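Chains, contacts and geometry: an overview
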Number of protein chains: 2
Amino acid sequence: MTDPKKAAGGLSACPVPIADYPEVLLAHGGGGRLMHQLIEKMFVSNFDNSFLQQRHDSTRLELGDCRLAFTTDSFVVRPLFFPGGNIGSLAIHGTVNDLAMSGARPLFLSAGFILEEGLPMETLWKIVSSMAAAAQEAGVQIVTGDTKVVDRGKGDGVYINTSGIGLIDASVNIGPAQVRDGDAVIVSGDLGRHGIAIMNARESLGLETSLESDSACVSQLTLRLLEEGIDVHCFRDLTRGGLASSLIEIAETSGRHIEIDEERVPVLDQVRGACEILGLDPFYIANEGRFVTFLPESEAARAVEILRESPLGADATVIGRVADSRDNLVTVRSVIGVRRILDMISGEQLPRIC
Amino acid sequence: MTDPKKAAGGLSACPVPIADYPEVLLAHGGGGRLMHQLIEKMFVSNFDNSFLQQRHDSTRLELGDCRLAFTTDSFVVRPLFFPGGNIGSLAIHGTVNDLAMSGARPLFLSAGFILEEGLPMETLWKIVSSMAAAAQEAGVQIVTGDTKVVDRGKGDGVYINTSGIGLIDASVNIGPAQVRDGDAVIVSGDLGRHGIAIMNARESLGLETSLESDSACVSQLTLRLLEEGIDVHCFRDLTRGGLASSLIEIAETSGRHIEIDEERVPVLDQVRGACEILGLDPFYIANEGRFVTFLPESEAARAVEILRESPLGADATVIGRVADSRDNLVTVRSVIGVRRILDMISGEQLPRIC
């Protein structure tokens, strides 16, 4: 039996500097540098094991002859309903996509609900119905669940955790460590719609826009690439922290240099306009139905062609390449030819985006 | 892509009667009849699949040659620290125990944190350290995680979801459907300590008691029984809703009649005294380190002996048997020989117990 007094007595010093961060900040959940520090110092160091060291969207487990992907995500998006989706569909898409990023076929999800006392039953019904529809479309089954209720004022309507299991084919070996010099960097579609749609819904910015979130399940795209025999080195979805954070993480984990050509990065005029008004950078805005993939340059044209066969990948584009230096940096060449280094932001542009 | 408008447009009527329950109540999370109705009508009907029909603590999945158990649990216990544990150790014990109830060897956990802005960093550190210690003791690894932060006033410090994967040996076939006439019913230890310890800590009842929660990982006990070749038919842990709810669920799922001998059910004097003062019934109080097992009467004495070899099972006792009628009932014979039928309570005795 665990003796918590003993655990407390033998407690080593808190690895997050208390003087600097005595309390958890909203920015600790924002997908930027602060969140990465919290995860590394608080969790990875404490739960130390080789699986967490994979630093991937989902963890690969080998059990007998089975290669599984396993992942978890809690959803606290505000508002619960937004143009293009709601917390229920998002909770399916997010976890299915994390599994897809390991090259897995998503199969089984769990669903854990934390409900606030007073949540209208009809609201819950709409959310659960969206989950069922999204799961069916993604070809996954929700096989286990849990329901907790917290007192009025101790929640925000509903929080949902989904965890997922997928099956990885024996031939698949995908992850940031597989990225190679010369790889093409391909994005699966236009950037920034989820973040701007949420922000517009939440803050009543009054942007005159019909913009909808890009929230979608992308496993159909990733599995198509693999089925077509494309030698994919890495997938990464572009959620909290956007394209910039994903690329920086991959550059750091793979120890390589990534060059992006800004002109090629697809961003809708509506998103670009909203970003200019709000002083935001579309490279850092969250998406929920977009990913980057790294693969040999020789296969890039065919990969883009395959992605574009699906409406979800209609705007897939090569946006850069992996250079042969070892400086862990991401650089962006602007329209006028100036190169800048992409930094990970410390906090978040938009809290509670997912 | 899921079209939530379509989903909303084609929405069938909410299966929970809105007139009776327009809003979610605390009692919907209490482990009683209301929670079961919510789960059946809202989730099982909507996410319809054969796995949810198993109605077990964890779901059994077959993937190639692998037989997996998969489960999820969110923890919202209040207060975060209580005599005998905290939300971190509890989050490990709860999910490990759910896996153990399928006869699985618990192996991998995920950890999803929902943190409230303003949570002291030291508090988080203590909780995470307890999780690490409890995971190590249970022989499981935390292999994937997620962190979200919600605004001040929209949480209650920290909520934790853990989901888990275990491996089920090919020879094991355990579940409520395996319960047979004549089976002995064995409880692994004394009842009600977790609920009373939490209630005393929360409500400052001022009960003069050194009572600690029974929160513990029980997989060492369940695996010992299986390793020793005991023909276990069913395990069920005694969490929300206590012994009564677990027995009623098993009677209903197996379609049998369970007879309990009240005199034999182990309850500490301190727990019994607190229950008398508070008007509570120890049969309905939550435990977090106790389970019942159903197995052939001929193996009962040996099973009890095996359980008692571990301090965690020191009070293991045969408390009843499965009778050969088909009325789905649980009856209790009192000390003076009167028989009463156990009913599932509608709400909860103690909200937010786990």
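Criteria and thresholds
Residues numbered from 1 in each chain as written. Chains lettered and ligands numbered in written order. Predicted model: local features only at pLDDT ≥ 70, side-chain atom pairs only at ≥ 80, totals over all residues. Heavy atoms only, no water. Helix = DSSP H or I, 4+ residues; strand = E, 2+ residues; numbered from the N terminus. Rg over C-alpha atoms; globule rule 2.2 N^0.38 Å. Buried < 20%, exposed > 50% of the residue type's maximum accessible area, 1.4 Å probe, protein only. Pairing = 2+ DSSP bridges. Axes fitted to C-alpha atoms, helices over the stretch in contact; angles between N-to-C directions. Contact = heavy atoms within 4.5 Å. Least-squares fit on C-alpha atoms with pLDDT ≥ 70 in both. Domains from an automatic or database assignment. Buried area = accessible area lost by both parts, 1.4 Å probe. Salt bridge = Lys/Arg side-chain N within 4 Å of Asp/Glu carboxyl O. Polar contact = N/O pair within 3.5 Å; in protein donor to acceptor, adjacent residues only side chain to side chain. Nonpolar A, V, L, I, M, F, W, Y, C, P; charged D, E, K, R; others polar.

This next bit is on the overall build of chain A. If you tally the helices and strands in chain A, you get nine helices and 14 strands. Here the C-alpha atoms of chain A give a radius of gyration of 20 Å, agreeing with the 20 Å that 2.2 N^0.38 yields for 354 residues. Across its three principal directions, the C-alpha atoms of chain A cover 55 × 50 × 45 Å. Expressed as a percentage of the 354 residues in chain A, the buried residues total 64%.

This part is about the sheet that holds strand β2 (residues 66–75) of chain A. Residue and element names in this part refer to chain A. Here we have five strands laid out as an open sheet, ordered β1-β2-β7-β5-β6, and mixed in their pairing. Here the strands that pair on one side only, and so sit at the sheet edges, are β1 (59–63) and β6 (141–150). Averaged over neighbouring strand pairs, the angle between their axes works out to 20° when direction is ignored. Relative to strand β7 (residues 158–168), strand β5 (residues 104–116) runs antiparallel, the two being bridged by eleven bridges. When the bridges of β7 are listed, arginine 105 appears paired with leucine 167. Lying on the sheet, helix α3 (residues 87–100) is in contact with β2, β5, β6 and β7; it crosses β2 at an angle near 145°.

This brings us to the relation of the copies chain A and chain B. The two chain copies are related to each other by a rotation about an axis together with a translation along it. Placing chain A over chain B gives an RMSD of 0.0 Å and needs a rotation angle of 180°, together with 0.0 Å of translation along the axis. The symmetry that links the two subunits is that of a two-fold axis. The share of interface residues of chain A whose copies in chain B are also at the interface is 99%, consistent with both copies meeting through the same surface.

Once that is clear, we can look at the domain arrangement of chain A. Residues and elements named next belong to chain A. In terms of domain boundaries, chain A breaks down into domain 1 (1–51), domain 2 (65–168) and domain 3 (176–342). Here domain 2 and domain 3 have C-alpha centroids that lie 24 Å from each other. Buried surface at the junction of domain 2 and domain 3, both sides included, amounts to about 1700 Å², of which 61% is carbon and sulfur. Counting the contacts that link domain 2 with domain 3 gives one salt bridge. A salt bridge links glutamate 227 to arginine 105; the shortest N-O distance between them is 3.3 Å. Remark: the boundary between domain 2 and domain 3 carries eight residue pairs in polar contact (both at pLDDT 80 or more). Of all elements in the fold, only α3 and β5 reach the threshold of two or more residues within the side of domain 2 that touches domain 3. Per-element accounting of the side of domain 2 that touches domain 3 gives the leading share, seven residues, to α3. Across the side of domain 2 that touches domain 3, the residue classes tally to eleven nonpolar, five polar and three charged.

The interface of chain A with chain B comprises 104 residues on the first partner and 103 residues on the second. Carbon and sulfur atoms make up 67% of the surface buried where chain A meets chain B, a total of about 8800 Å² over both sides. Inspection of the region where chain A meets chain B yields twelve salt bridges. Here aspartate 146 of chain B makes a salt bridge to arginine 240 of chain A, at a shortest N to O gap of 3.0 Å. One can count 28 residue pairs in polar contact (both at pLDDT 80 or more) joining chain A with chain B. Broken down by element, the side of chain A that touches chain B gets its largest block of residues, twelve residues, from helix α4 (residues 121–138) of chain A. A class-by-class count of the residues in the side of chain A that touches chain B yields 54 nonpolar, 29 polar and 21 charged.

A word on unusual backbone geometry. For residues other than glycine, phi is negative in most cases, and the peptide bonds are mostly trans. Of the consecutive residues arginine 78 of chain A and proline 79 of chain A, the connecting peptide bond is found in the cis state with omega at -5°. Its identity as a non-glycine residue notwithstanding, asparagine 328 of chain B has a phi of 60°, on the positive side. Looking at the element boundaries, asparagine 328 of chain B is found in the loop between β12 (317–323) and β13 (330–333). Among the residues examined, asparagine 328 of chain B registers a relative accessible area of 32% and is labelled partly exposed.

Turning next to the pairing of strand β11 (residues 291–295) of chain B. All names here are of chain B. The element β11 is extensively covered by neighbouring structure, given that five of its five residues are classed as buried. Residues Phe291, Thr293 and Leu295 line one face of β11 and the alternating positions Val292 and Phe294 line the opposite face, and both faces are buried. Note: strand β8 (residues 184–187) against β11, four bridges, orientation antiparallel. Looking at β11, one finds that valine 187 is bridged to valine 292. Where strand β9 (residues 234–237) and β11 come together, four bridges link them in antiparallel fashion. Paired with phenylalanine 235 across the bridge in β11 is threonine 293.

As a further point, take the environment of serine 310 of chain A. Residue placement: serine 310 of chain A occurs in the loop between α9 (300–308) and β12 (317–323). When residues no more than four places from it in sequence are discounted, the contact partners of serine 310 of chain A are Gln220 and Leu221 of chain A.

Moving on to the sheet that holds strand β14 (residues 339–341) of chain B. All names here are of chain B. Judged by pairing direction, the sheet is mixed, and its seven strands sit side by side in the order β9-β11-β8-β12-β10-β13-β14 without closing on themselves. The two strands at the open ends of the sheet, each matched to only one other strand, are β9 and β14. When strand polarity is set aside, the average angle formed by the axes of neighbouring strands in this sheet is 25°. Across the sheet, helix α9 (residues 300–308) is in contact with β8, β11 and β12; its angle to β8 comes to roughly 10°.

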